[in-house]
Each structure stands twice: as C-alpha cells, then as structure tokens.
Amino acid sequence: MPINGRRTFQIAQSGIGYVPEHRAIFRDLTVLENLTLAERKRGDLRRSGDLIFGLFPRLHERLQQQGGTLSGGEQQMLAIARALVPDNRLLLIDEPSEGLAPVIIEQMMAAIQQLSAYTTVLLVEQNFRMASAISQRYYIVDDGRTVHTGAMAALRDNKPLVQTYLGAA
Amino acid sequence: MTTQPVTLRRRRLHEIVSPLTIPLVTLLLFVLILLLAPASLPKLVTGIILPGLTLAALYFLIAAGLSLIFGLMDVLNFAHGSLFMVGAYIAWSCNVGLDPLYPNHWPVTIANSNARFVIGLLVGTLLGAGLGAVVEVLLIRPLYKRPIYQVLLTLGLVFVFDALVRSVPAWGSDSKAPIKPSLLAGSLEILGRRFPTYSLFLIVLGLTLAVAVALLLRRSRIGMTIRAGVQDSTMVEALGINVRRVFTGVFALGAGLAALGGAAAASFIGVYPEMGLEYQLFAFIVVVIGGLGSYSGAAIGALLIGLARTFSDHLVLELGLPTAIASASTVLVMAVVLLLKPGGVFGAKE
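Values in this document were obtained by computation on a predicted structure and should not be read as measured data.

Calculation rules
- Residues numbered from 1 in each chain as written.
- Chains lettered and ligands numbered in written order.
- Predicted model: local features only at pLDDT ≥ 70, side-chain atom pairs only at ≥ 80, totals over all residues.
- Heavy atoms only, no water.
- Helix = DSSP H or I, 4+ residues; strand = E, 2+ residues; numbered from the N terminus.
- Rg over C-alpha atoms; globule rule 2.2 N^0.38 Å.
- Buried < 20%, exposed > 50% of the residue type's maximum accessible area, 1.4 Å probe, protein only.
- Contact = heavy atoms within 4.5 Å.
- Areas by Shrake-Rupley, 256 points an atom, 1.4 Å probe, with all protein chains shown as cover.
- Lys, Arg positive; Asp, Glu negative; His and termini not counted.
- Charge placed at Lys NZ, Arg CZ, Asp CG, Glu CD.
- Pairing = 2+ DSSP bridges.
- Polar contact = N/O pair within 3.5 Å; in protein donor to acceptor, adjacent residues only side chain to side chain.
- Core = buried A, V, L, I, M, F, W, Y, C linked by side-chain atoms within 4.5 Å.
- 1 Å grid on protein atoms, 1.4 Å probe; cavity = no way out; pocket = protein on both sides within 12 Å on 5 of 7 lines; lining within 4 Å.
- Points joined across faces, edges and corners; volume = space filled by probe spheres on them.
- Nonpolar A, V, L, I, M, F, W, Y, C, P; charged D, E, K, R; others polar.
- Buried area = accessible area lost by both parts, 1.4 Å probe.
- Salt bridge = Lys/Arg side-chain N within 4 Å of Asp/Glu carboxyl O.
- Phe/Tyr/Trp six-rings, centres within 6.5 Å; stacked < 30°, edge-to-face > 60°.

Engineer: Lay out the overall build of chain A with the relevant residues and their values.
Structural biologist: Across its full length, chain A holds nine helices and five strands. Ordered by position in the sequence, the α and β elements of chain A form the string α-β-α-α-α-α-β-α-β-α-β-β-α-α. In terms of C-alpha radius of gyration, chain A reaches 17 Å, essentially the compact-globule figure of 15 Å for 169 residues. Considered along the principal axes of its C-alpha atoms, chain A spans approximately 50 × 40 × 25 Å. Out of the 169 residues belonging to chain A, those deemed buried represent 46%. When contacts within chain A are restricted to residue pairs at least 6 apart in sequence, long-range pairs at least 24 apart make up 64% of them. Here chain A displays about 9,100 Å² of accessible surface, and carbon together with sulfur accounts for 50% of that area. If the 18 positive side-chain charges of chain A are averaged to one point and the 17 negative ones to another, these points end up 6 Å apart.

Engineer: How would you explain the pairing of strand β5 (residues 145–151) of chain A if you had to name every residue and give the values?
Structural biologist: Residues and elements named next belong to chain A. As judged from the six bridges shared by strand β4 (residues 137–142) and β5, these two strands associate in the antiparallel manner. Directly across from Val141, in β5, lies its bridge partner Thr146. Between β4 and β5, which follow one another and run antiparallel, lie two residues, and Asp143 among them has a positive phi close to 55°.

Engineer: Would you mind going over the side chain of Gln76 of chain A in detail, with residue names and values included?
Structural biologist: Residues and elements named next belong to chain A. With respect to the helices, strands and loops of the structure, Gln76 is situated in helix α5 (residues 72–84). For Gln76, a relative accessible area of 0% translates into the label buried. In contact with Gln76, other than residues within four places in its own chain, are Val19, Arg23, Pro96, Leu100 and Met108.

Engineer: Got a sec to walk through the environment of Arg23 of chain A? Specific residues and values, please.
Structural biologist: Residue and element names in this part refer to chain A. One can find Arg23 in the loop between β1 (16–19) and α2 (31–37). In sequence terms Arg23 and Gly68 are 45 residues apart; their C-alpha atoms lie 11 Å from each other. Once residues within four sequence positions are removed from consideration, Arg23 is found in contact with Gly72, Gln75, Gln76, Ala79, Arg82, Glu98, Gly99 and Leu100. Polar contacts involving the side chain of Arg23 include one to the side chain of Gln76, which spans 3.0 Å.

Engineer: An account of unusual backbone geometry is needed here, citing residue identities and associated values.
Structural biologist: Residues and elements named next belong to chain A. Here the phi dihedral of Ala24 falls at roughly 45°; this positive angle occurs in a residue that is not glycine. As for its placement among the helices and strands, Ala24 is situated in the loop between β1 and α2. For Asp143, which is not glycine, the phi torsion reads 55° and is therefore positive. With respect to the secondary-structure elements, Asp143 resides in the loop between β4 and β5.

Engineer: So what about the nonpolar core? Which residues, and what values?
Structural biologist: By size, the foremost hydrophobic cluster in this structure holds 134 residues, and its most contacted members are Leu35 and Phe56 of chain A together with Tyr295 of chain B. The element contributing the most residues to this core is helix α2 (residues 41–73) of chain B, with 15 residues. Residues Phe128, Ile140, Leu155 and Leu161 of chain A belong to the second largest nonpolar core, which totals seven residues.

Engineer: Provide a residue-level description of empty space enclosed by the protein, including the pertinent values.
Structural biologist: Residues and elements named next belong to chain B. For the structure shown, the criterion picks out three cavities of 30 Å³ or more. Roughly 40 Å³ of internal volume is contained in the largest cavity. Taken together, Ile22, Val25, Thr26, Leu29, Val333, Val336, Val337 and Leu340 make up the lining of the largest cavity. Taken together, the elements giving at least two residues each to the lining of the largest cavity come down to α1 (13–36) and α11 (324–340). Along the lines of polarity and charge, the residues of the lining of the largest cavity split into seven nonpolar, one polar and no charged.

Engineer: With reference to specific residues and values, describe the interface of chain A and chain B.
Structural biologist: Contact residues are listed per partner, giving 22 residues for chain A and 23 residues for chain B. Together chain A and chain B conceal approximately 2,100 Å² of surface at their shared face, both sides included; 57% is due to carbon and sulfur atoms. Contact with chain B buries surface across chain A, with Phe26, Asp28 and Leu37 of chain A losing the most and accounting together for 30% of the total. Applying the counting rule to chain A against chain B returns two salt bridges. Ionic pairing is found between Arg7 of chain A and Glu237 of chain B, a salt bridge with its closest N-O pair at 3.6 Å. Joining chain A to chain B, the criterion identifies 10 residue pairs in polar contact (both at pLDDT 80 or more).

Engineer: Give a detailed account of the packing of aromatic side chains, specifying residues and quantitative values.
Structural biologist: The way to describe two aromatic rings as a pair is by their centre distance and the angle between their planes. Residues and elements named next belong to chain B. The final tally for this structure, using the stated rule, is 12 aromatic pairs over all chains. Seen in terms of ring centroids, Phe117 and Tyr198 are 5.8 Å apart; in terms of plane orientation they differ by 75°. Their pairing is edge-to-face. Note that Phe117 is positioned in helix α4 (residues 113–140) and Tyr198 in helix α6 (residues 197–219), a separation of 81 residues in sequence. Of the two residues, Phe117 and Tyr198, both sit in the buried class. Residues Phe117 and Phe201 carry aromatic rings whose centres are separated by 5.6 Å and whose planes lie at 65° to one another, so their mutual orientation is edge-to-face. With Phe117 in helix α4 and Phe201 in helix α6, this residue pair connects regions lying 84 residues apart in the sequence.

Next comes the structure, spelled out in structure tokens:
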C-alpha cells in the first residue's frame, strides 16, 4: 500500500530497515544471499559486515547455510542483520522476542541495545520488562492512537499507567 | 501468499529422495511399456527417447516461464501458449519474408536460409518478450489484487491473439508447412537409424536454455531477487527493491522463452493458430507435475511428459490400440503424480 504516494520500496530506500514480526527471512536463500539481497548499493555488506558479525558471530559461521535451516533465534538474528546491511537511519523491529527462548531473548535485547548506538530503533514489544530495560523513549498505542509518550525512565516509575495498558509491571 | 520454492539448492538426503518418487514411478511405467511392447535399442533411442526429449524441450520452454510467473506473481497466465504461437508466426514470417525466392518477399532479403532462421529465432524471441512486458505492464499490473480477473483477462487474451493472428493477411487460418534451415534440414545416423538433425537441435536448445536460466537464477543478483520474491515478494519490496520491475522482467523472460520455443517449433511442426493452446495444455500438465512455481520442477515435468507421450505412442502403435489412449497418457501421468504427491515433484508439502 502506498503511503503519501510513496511505494514500499521507495519508503525503504529513504533509509528504513524493517524487521517483521515473523522474521520473513528467505528460507531457500543462504544466509549470505539473504544479506546480499539487502544491499542497496554495491559494497553495503562489506561496509557493515564488521558491525553485523560483531553482533551476531553465529551468522558468520553459517553464511552458506539455507535460511530455512536456521534455528528461531538465528533467523531473528538474520532478520535484524538484514536490516543493518544498508545504511539505514531507522530500524522498525516488530516483536523480536516472539517465540524465542528466554536466553535467546536476552541475547537479542543486548544486540538491539548495542546497535542502537549506530541507528535509531523503533521497537514494538509486548514484553514490557525487556522493552523498558533497553529503550529511552516510549509510545503507548491504544486502538491505533498514541495515548502516552515520554521518557522510558518516567514510565518505569508510573506503576498505574503500566498497570492500565500493559497489565503487568 | 506463496511459499513455494524455486528448488535450486543443495538438499539434504530425505529431501532428495522424496522428489525422486515420481520420476522413479514413471520410469517403472516406461519399463512396463517396454515389456509389453519390446523395442530394439536403436528403435528405443531414435524412435522413443530422442523424440520424447524433443517434445520435452518444447514443453520446457513454455512451462519454465509459466511456472516462474506463477511462483513470483501468483498469476496463472493462460495466454502463455499464445506467446508461443506468436513467436512461431513471427519466425515463420522471417523465414519466408526474407527469402528472395518467395513470391511476396520483403524489400530486404537474405539468400542464406540459416541466417534467415537465426534472425527468425531472435526476432521471434525479442518481440515475444516485448509483448509479454507490454501485457504485464498494461493489463496484468492493475489486476494483481484480483486473481479471478487475471484468469478472465489471460483467457480473453487467448481469443484476442487467436483472432489477431487469423486476421493478418499473410498468416490467415490455414497451417503453414515448417521451413528448416539448410544446416539442420538433413538427418544424422544414430545407432544405424536416421534421426532428423532438427530434433537434435531442439534438444540442445532446450537443454542450453534450461542451464542458462538455472545459472541466471542461481548465480546472479536478479536471480537471487526472483528466488526471494517467489517466497515473499512483500519482504523483497520492504528491503527497498522495486519488485514490480522484477515482475515485468520475469514476465518478459517467461514470454521470451515461450516465444523462442514457438519460433523453434515453427521449423519443426509448422505454424497454425491452434498450436498455442495445443502446447500450452501440455505445459500446464508439466507445471502441475513439477510443482507450481518450481523451476526445477518444470524441467523434470517436461522430461516426464515428453517421454510419456512417445512411450505411449509406441505402445499404442505396437499393440494396435486406439490412438486416443496415447493422448490420454499424459493426463494419466498427471493423475498418478497428483495421487502420489499432490504438490507435484517439487511442490510445497501440503
């Protein structure tokens, strides 16, 4: 669906990396092909390789493996890595903790926190404890509208608000 | 959303074994046919296997594009056979129009029949590919969200192309005899039997293109994009790739392959308006057998159907059975395949 007359690929080209909820990695492509496909300019992967494989050394070991043969956690790594290949100014990461073991979630969150030093991350996450541990700002969306926004530190202390919208603190 | 693979990858053992069931069962069927109606080795090679491969080459050229287009865009292009036919007519026209000995030849002529033939293949392929691109951009693109309309549109195009071809004065409704280039007009001796050179040319052509397109899909960036798009074209677009341009490219590629098949077939079976539908029927069976959207499946399906046709022709002739049985054999193969493996040789597991 075009937004403001711009089509999906044009929006992406303006510097937005998308990590969808169900990861949507290309299962029949190798890890390397998944990453190469994400290049917008020739050499993108060479430039961002150190960052990507520093965050996810596992991917480097599995470059020639089919995406579909990776574990859930590795697929999530690949989905994030794919968004890091071009020089994106904003990463949209949707529910990165979904369907992953707690240990893997910890690793994922650590990685997201590290990469937020390089680019802006917009994280959609239901797991409040985790999201609150790594973010600076929050936006609470209710029925399609932003109902609250502010610094994450303030939200952490606002127990009633958290209780109302997220049910758990 | 399709999740069907363009099966071009290294597979693990159990994944290799299971697609082999269908070819093995078919092979068994061929052996059974030979037991019922024995053939000498020269007869087997030049009378059954090589003619089967010739048909397979033509079926493959149509089925490959059909399958890729369906895999990537979810469009079942019923007008694919029409592109085959148009390619054939264009090639035929080049062959006669450029011939200085032909009464109504064009202002420019070329004395060498081989050169005319090559020009016919090239012009037929390029115009076919261009026509495919035009059809995609102008007609199919507005209908990507409406599958039923696509079916109606491409079915309608079959009639449009049929009527257009018949209305061209130089073409008309009657069939034209094949014109072979002098280099490929003769026959070769294989195991003591004569075999037409042109059939061998078709086999080589089909094989070359099968390998070339496989390399394109496997080694090039555009091929990688196509394989990714077959799995999830929305995600490809989210990476910043203009997927619609890839769609147009693949449509043109598929149309070009079909038109090349037609252009090559023109010097083999001649040209007639019904040839498109006739070959398309088999191409559809091939695609269903191979697995919708699978390129490797189209190649294997083409082999199976091509051979099934010549084997059953052999059986029918030897045993003096009605020829309708031979025509039914391909549908029979399809039914067997779909019973064994409903998704086709390389189809998604469902």
